[in-house]
Every structure is written in structure tokens, then in C-alpha cells.
Amino acid sequence: MTASISGERAPLTEPTRRLMAAAQEIAPVLRRSADAAERDSRLTPEAERALREAGLFRLGVPKRWGGAELAPADSMEVTAEVALACPSSAWVVMVSYVAQQIAASFGEQGRQDLWGDGPDVPMCGVFGRTRSSSRTTGSGASPTSSRAGDCPRSRCTGFRRDP
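Undergrad: So what exactly am I meant to see when it comes to the nonpolar core here?
TA: The nonpolar side chains of a soluble globular protein tend to be buried, and buried together. Counting residues in each nonpolar core, the largest one holds 28 residues, and the members touching the most others are Leu30, Leu51, Leu56 and Leu59. Among the elements of the structure, α1 (14-40), α2 (45-53), α3 (72-85) and α4 (87-103) are those that each provide at least two residues to this core. The element contributing the most residues to this core is α1, with nine residues. Apart from residues lying up to four places away in sequence, Leu51 is in contact with Ile26, Leu30, Leu43, Leu56, Phe57, Val82, Ser89 and Val93. Among the nonpolar cores identified, the runner-up in size contains eight residues, and Val61, Ala99, Leu114 and Met123 belong to it.

Undergrad: Teacher, can you tell me more about α4 here?
TA: Because each turn of an α-helix spans 3.6 residues, side chains separated by three or four positions in sequence point in the same direction. Between its first and last C-alpha, α4 extends 24 Å over 17 residues, near the 24 Å set by a 1.5 Å rise per residue. Those residues of α4 not exposed but buried are Ser88, Ser89, Ala90, Val92, Val93, Val95, Ser96, Tyr97, Ala99, Gln100 and Ala103. Structurally, α4 contributes buried residues whose contacts are with α1, α2, α3 and α5 (108-115).

Undergrad: Would you mind showing me how to read unusual backbone geometry here?
TA: Excluding glycine, most residues fall at negative phi; most peptide bonds, likewise, are trans. With a phi close to 55°, Ser41 is a non-glycine residue in the positive phi region. Tracing the backbone shows Ser41 in the loop between α1 and α2. The residue Glu69 is not glycine, and still its phi comes out positive at about 50°. Checked against the element boundaries, Glu69 lands in the loop between α2 and α3. What makes Glu69 partly exposed here is its relative accessible area of 45%.

Rules and cut-offs
- Residues numbered from 1 in each chain as written.
- Predicted model: local features only at pLDDT ≥ 70, side-chain atom pairs only at ≥ 80, totals over all residues.
- Heavy atoms only, no water.
- Core = buried A, V, L, I, M, F, W, Y, C linked by side-chain atoms within 4.5 Å.
- Buried < 20%, exposed > 50% of the residue type's maximum accessible area, 1.4 Å probe, protein only.
- Helix = DSSP H or I, 4+ residues; strand = E, 2+ residues; numbered from the N terminus.
- Contact = heavy atoms within 4.5 Å.
- Expected span 1.5 Å × (residues − 1).

These figures capture arrangement, not role.
Below, the structure is given as C-alpha cells:
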């Protein structure tokens, strides 16, 4: 079975068909990991590895840097296919795609820093309501940032209100 985001599906591009087939191939791994991913609020190492090796963390990476550079509608088709096996994995694929789309708008040096060594860079992101913050040293965690614990290059940006 394949998923679709619309009642009528436009012809899929070759990269989209290839990535949907890759999602179908790894579906057994994702299904086995689905309960643990839901319970633990993170992907299992097996699911993360399967998604990475299938190229599903490259959906929004520019072609120049080894990614698929899918259009948003195509990324949703691929993500829907992943969701048939594991909704948590689909969520992470979607979050990665959005973060990659934002990162692709960075200057040339930023793209080089991210993808110069290859396109398989774990990415995360969060958009949400304004929160209070305080100055701190070291690193922190956000209960609303999907995959932050798995991403070595996550950044936190915010606004500071002076008293």
C-alpha cells in the first residue's frame, strides 16, 4: 500500500518514487521500532540508521550537497509513506526536512559547514510560542524540540528581555 496526501496523485518524480520505495523497503525495521519510539519519545538506533541509510534524512538537502532537494508536496508523499510503518519516524523525517529547508537558505559558508562533509547531518528544529529564558552556560534541552538530543549541530535562538 502507498500513502497519498490527495485524492488524485500527480505523477511522482523519479527521486520521489525512489525514496518512497526506500521507505517501503525499511518499513519492517520501522514497524519493529514504532512502539519503542512512541514510548521513549525518540527513534531507536536501528530506525535512525535505516532512515539515514535509505536517504530519508536528505529530503530537503540541496542537490549540490548530495541531497534530494524535494519540493514540499513530494516530501509529504515520502513522509506519508514512512508514517504507514512508524508515525514517530515520519515526524522526525518531516522535522529534518523543514530544518534542511531553512538551512538551505543560509549563505554559502553555512551550507559548506553543514553539508561539506556529506548530506547526512542530523537536524532538528522548533517553532513555537515565546518562552522565558535565562542566561546559562553549557548546553540545555528543550521539551518541545524534536530530535534535539540526536543533533550535534542544533542551535537555540531567542530574544532576551532586559528587566
